[in-house]
Amino acid sequence: CDWSSDVCSSDLTFSFNVSYFTQVGDELCFRAGDNIMKFDESLATDSGVAINGVVQWSWLGLGSPGVSKQLIGVDVECDGTPDLSIGYNEKDKTALVDIGTLPADTVPGQMIPLSFLAPSFSVKLDFSGESWRVLAVQLYIQNLRLTS
């Protein structure tokens, strides 16, 4: 994401130089030298090397901007087993607290309890060398505004 404008994008880094690319139907095809290739989203490797994935939300104000909120828990629904980190300081984009590795679906049962106080939060999911997909992330907050 471009943190200043909240414009998000995807970055794919390949182990070879891509000369041209195009979309054919729902498939991404590209040319690298004399080779024509098709991107296969079901694979979690590139020429045998594990592909890591990172999904990070820009700063979520979750209601009233600039008003402190207490993050009390989170649920994640995805394919794969991500490492979860929570950002709490917009002035320091690297200030993330590592929560740990989550199961693919935390919705059944209790939410994952957390305790953070900040005006906004950034949620980061890291996937290491596995096929993955994010379906939903739910943040449970308590607004600490004195008046409504």
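Student: Help me understand the pattern of salt bridges, please; the structure alone is not making it clear to me.
Tutor: Once the charged atoms of two side chains with opposite charge are near each other, the side chains can pair. Taken as a whole, this structure holds two salt bridges when the rule is applied. Among the salt bridges present, the one from Lys38 reaches Glu27, with a minimum N-O distance of 3.3 Å. Pair noted here: Lys38 is in strand β3 (residues 35–38) and Glu27 is in strand β2 (residues 27–32), with a separation of eleven residues, a long-range link. A salt bridge links Asp79 to Arg133, with the nearest nitrogen and oxygen atoms 3.0 Å apart. Here Asp79 is found in strand β7 (residues 69–79), whereas its partner Arg133 is found in strand β12 (residues 133–143), with 54 residues between them in sequence.

Student: Just checking my understanding: could you explain the confidence of the model for the protein chain for this structure?
Tutor: Low-confidence regions, as indicated by low pLDDT, have predicted coordinates that should not be scrutinised in detail. Within the protein chain, residue pLDDT values average 81, and 88% of them lie at 70 or more. Per-element confidence in the protein chain ranges from a low mean pLDDT of 70 for strand β4 (residues 45–46) to a high of 94 for strand β8 (residues 83–87).

Student: Even after reading the chapter, I still don't get the pairing of strand β1 (residues 20–24), so can you show me in this structure?
Tutor: Two faces make up the sheet, and in a regular strand the side chains alternate between them. Little of β1 sits out of view: just zero of its five residues are buried. Linking β1 to β2, which pair antiparallel, is a turn of two residues; within it Gly25 sits at a positive phi near 65 degrees.

Student: What is the right way to read the packing of aromatic side chains from this model?
Tutor: Each pair of aromatic rings is reported with the distance of its centres and the angle of its planes. Taken as a whole and assessed by the stated rule, the structure comprises two aromatic pairs. Considering the side-chain rings of Tyr88 and Phe116, the 6.5 Å spacing of their centres and the 20 degrees angle between planes classify their relative orientation as stacked. Separated by 28 residues along the polypeptide, Tyr88 in the loop between β8 and β9 (96–101) and Phe116 in strand β10 (residues 112–118) bring together distant segments of the chain. The class of Tyr88 is partly exposed, set by a relative accessible area of 36%. The exposure class assigned to Phe116 is buried, which follows from its relative accessible area of 15%. Plain terms: the ring middles of Phe127 and Trp132 are 4.7 Å apart, the flat faces sit at 10 degrees to each other, and that makes the pair stacked. In this structure Phe127 comes out as buried when scored by relative accessible area, which is 1%.

Student: How should the environment of Phe30 be read in this particular structure?
Tutor: One can find Phe30 in strand β2. Overall, the relative accessible area of 7% leaves Phe30 in the buried class. Residues Phe30 and Ser19 lie eleven residues apart in sequence; the distance between their C-alpha atoms is 7.4 Å. Once residues lying within four places of it in the same chain are set aside, the contact partners of Phe30 are Phe14, Phe16, Val18, Tyr20, Phe21, Asn35, Ile36, Met37, Lys38 and Phe39.

Student: For this particular structure, what's the right way to read the sheet that holds β1?
Tutor: What links the strands of a sheet is backbone hydrogen bonding, and the strands pair in either a parallel or an antiparallel sense. Overall, antiparallel pairing links the three strands, which are arranged β1-β2-β3 in an open sheet. Looking at the sheet topology across the chains shown, the edges are occupied by β1 and β3. Within the sheet, the average angular offset between the axes of one strand and its neighbour, ignoring direction, is 20 degrees. Pairing of β1 with β2, which is carried by five bridges, proceeds in the antiparallel orientation. Paired with Tyr20 across the bridge in β2 is Arg31.

Student: I'm lost on the side chain of Ser85 in this one. Help?
Tutor: Position of Ser85 relative to the elements: it lies in strand β8. Ser85 sits in the buried class, given a relative accessible area of 8%. Each residue touching Ser85, except ones within four places of it in the same chain, is listed here: Leu96, Val97, Asp98, Ile99, Ser122, Val123 and Lys124.

Criteria and thresholds
Residues numbered from 1 in each chain as written. Predicted model: local features only at pLDDT ≥ 70, side-chain atom pairs only at ≥ 80, totals over all residues. Heavy atoms only, no water. Salt bridge = Lys/Arg side-chain N within 4 Å of Asp/Glu carboxyl O. Helix = DSSP H or I, 4+ residues; strand = E, 2+ residues; numbered from the N terminus. pLDDT = per-residue confidence, 0-100. Buried < 20%, exposed > 50% of the residue type's maximum accessible area, 1.4 Å probe, protein only. Pairing = 2+ DSSP bridges. Phe/Tyr/Trp six-rings, centres within 6.5 Å; stacked < 30°, edge-to-face > 60°. Contact = heavy atoms within 4.5 Å. Axes fitted to C-alpha atoms, helices over the stretch in contact; angles between N-to-C directions.

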